[in-house]
Amino acid sequence: YMNPLKYTWTFWYLKADRSKYWDQRLMRIKDFHTVEEFWSFIDRIHPPSSIPFGNDYYLFKEGIEPNWETCKKGGKWVIYIDNRLRDRLLDAYWLELIMGCIGEQFGCLGEFVGGAVVNRRFKGDKIALWTKDGDNFEVNKKIGKLIKHLLKIPDFEQIYYEVHVDAQKRNSSHYFQKRITLGSSRNF
Ligand SMILES: CN(C)c1nc(=O)c2c([nH]1)N([C@@H]1O[C@H](COP(=O)(O)OP(=O)(O)O)[C@@H](O)[C@H]1O)CN2C
């Protein structure tokens with residue numbers, strides 16, 4: 001007897017390939033309806049720490065494509081992984097976050113969750129949780145606190161919320177627009 005998931009989740013993979021447009025590089029890989037299906041897949045693929053730089057993993061609810069167009073009203077909590085700690089933290093954070101998603105650890109706030117992302121980047125890896133309503137400060141703040149709890153991120157470590165509208169506008173002049181910051185700044 002298989003354990004059904006509350007939602008169906010879809011795994012996407014994005015390969016770094018400068019010769020293709022971004023949306024042509026995003027590949028839908030597999031849907032999961034049960035816990036067993038999900039873990040047998042996750043156990044078989046490379047962990048984030050061993051995929052090439054420039055590649056991404058996405059685990060999103062079925063029907064929600066992991067792109068700004070589909071999620072235009074939304075935003076994302078971003079966790080920047082310190083390069084010195086990437087070998088220890090990247091895989092651990094990713095597993096905690098995807099377990100939190102499929103395991104409905106966000107409780108009634110789960111309906112606001114779109115999915116989880118890991119960006120493998122030479123300059124520094126990132127993990128993100130996309131939420132559906134970029135302007136719902138209360139909900140997003142509660143979700144941010146749950147992320148820190150689930151991933152056991154120390155209080156002083158900062159995580160940031162950015163809305164996709166700002167991410168789209170970002171270029172050399174714009175920096176990451178921190179709509180919400182959770183965590184006390186290091187320099188007290
Ligand atoms: C429909 N469409 C084009 C489009 N639709 C999208 O939804 C979308 C993009 N483009 N993205 C492109 O990737 C670059 C890196 O973002 P990054 O988040 O990987 O972060 P890095 O700067 O590589 O660390 C973004 O600057 C953007 O060019 C990202 N993205 C989500």
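Rules behind the numbers
Residues numbered from 1 in each chain as written. Predicted model: local features only at pLDDT ≥ 70, side-chain atom pairs only at ≥ 80, totals over all residues. Heavy atoms only, no water. 1 Å grid on protein atoms, 1.4 Å probe; cavity = no way out; pocket = protein on both sides within 12 Å on 5 of 7 lines; lining within 4 Å. Points joined across faces, edges and corners; volume = space filled by probe spheres on them. Helix = DSSP H or I, 4+ residues; strand = E, 2+ residues; numbered from the N terminus. Buried < 20%, exposed > 50% of the residue type's maximum accessible area, 1.4 Å probe, protein only. Arc of directions from axis to C-beta. Contact = heavy atoms within 4.5 Å. Pairing = 2+ DSSP bridges. Axes fitted to C-alpha atoms, helices over the stretch in contact; angles between N-to-C directions. Near = heavy atom within 4 Å. Polar contact = N/O pair within 3.5 Å; in protein donor to acceptor, adjacent residues only side chain to side chain. Sits in = over half its atoms within 2 Å of the grid points. Nonpolar A, V, L, I, M, F, W, Y, C, P; charged D, E, K, R; others polar.

1. Re the layout of surface pockets
Thinking step 1. In this structure, the largest pocket encloses a volume near 780 Å³.
Thinking step 2. Considering the residues around the largest pocket, the lining is formed by 26 residues, among which W68, K76, N119, R121 and K126 are closest to the centre.
Thinking step 3. Listing elements by their share of the lining of the largest pocket, those giving two or more residues are α1 (22-25), β3 (56-61), β4 (75-80), β5 (113-119) and β6 (126-131).

2. Considerations on helix α2 (residues 35-44)
Thinking step 1. The complete set of buried residues in α2 reads F38, F41 and I42. The arc enclosing the buried residues of α2, seen along the axis, measures out at 95°, which places them on a common side. Counted as exposed and oriented over 90 degrees from the buried face of α2: D43 and R44.
Thinking step 2. Here the buried face of α2 lies against β1 (4-14), β2 (26-34), β3 and α3 (86-102).

3. Describing the sheet that holds β2
Thinking step 1. Spatial strand order, β2-β1-β3-β5-β6-β4-β7-β8: eight strands in an open sheet with antiparallel pairing. Where the open sheet ends on each side, the last strands, each with one partner, are β2 and β8 (180-182). On average, each strand axis in the sheet is inclined to that of its neighbour by 20°, with strand direction left out of account.
Thinking step 2. Bridge count for β4 against β6 is six bridges, and the pairing is antiparallel. Paired with Y80 across the two strands is K126, which belongs to β6.
Thinking step 3. Where α3 meets the sheet, it contacts β1, β3, β4, β5 and β6, and its direction lies at approximately 165° from that of β5.
Thinking step 4. Together, β4, β5, β6, β7 (159-163) and β8 form the strand contacts of helix α4 (residues 137-150), whose direction differs from that of β8 by roughly 30°.

4. Digging into the site of the ligand
Thinking step 1. With respect to spatial proximity, the complete set of residues near the ligand consists of W22, N67, W68, R121, K123 and K126.
Thinking step 2. In the environment of the ligand, an oxygen atom lies 2.7 Å from a nitrogen or oxygen atom belonging to the backbone of W68.
Thinking step 3. Within the side chain of K126, one N or O atom sits 2.8 Å away from an oxygen atom of the ligand.
Thinking step 4. Among the cavities detected, the one that contains the ligand is the largest pocket.
Thinking step 5. Considering only residue class, the shell around the ligand consists of two nonpolar, one polar and three charged.

5. Structural notes on unusual backbone geometry
Thinking step 1. Of note in the backbone geometry, E104 takes a positive phi value of approximately 55° without being a glycine.
Thinking step 2. If you trace the backbone, E104 turns up in the loop between α3 and β5.
Thinking step 3. According to the relative accessible area criterion, E104 is partly exposed, its value standing at 22%.
Thinking step 4. Notably, K152 is not glycine yet its phi reads approximately 55°, a positive angle.
Thinking step 5. Looking at where K152 falls in the secondary structure, it is placed in the loop between α4 and β7.

6. Digging into the environment of K73
Thinking step 1. Relative to the helices and strands, K73 resides in the loop between β3 and β4.
Thinking step 2. Taking relative accessible area as the criterion, K73 reaches 57% and is therefore assigned exposed.
Thinking step 3. For the pair K73 and K132, spaced 59 residues apart in the sequence, the C-alpha separation amounts to 6.4 Å.

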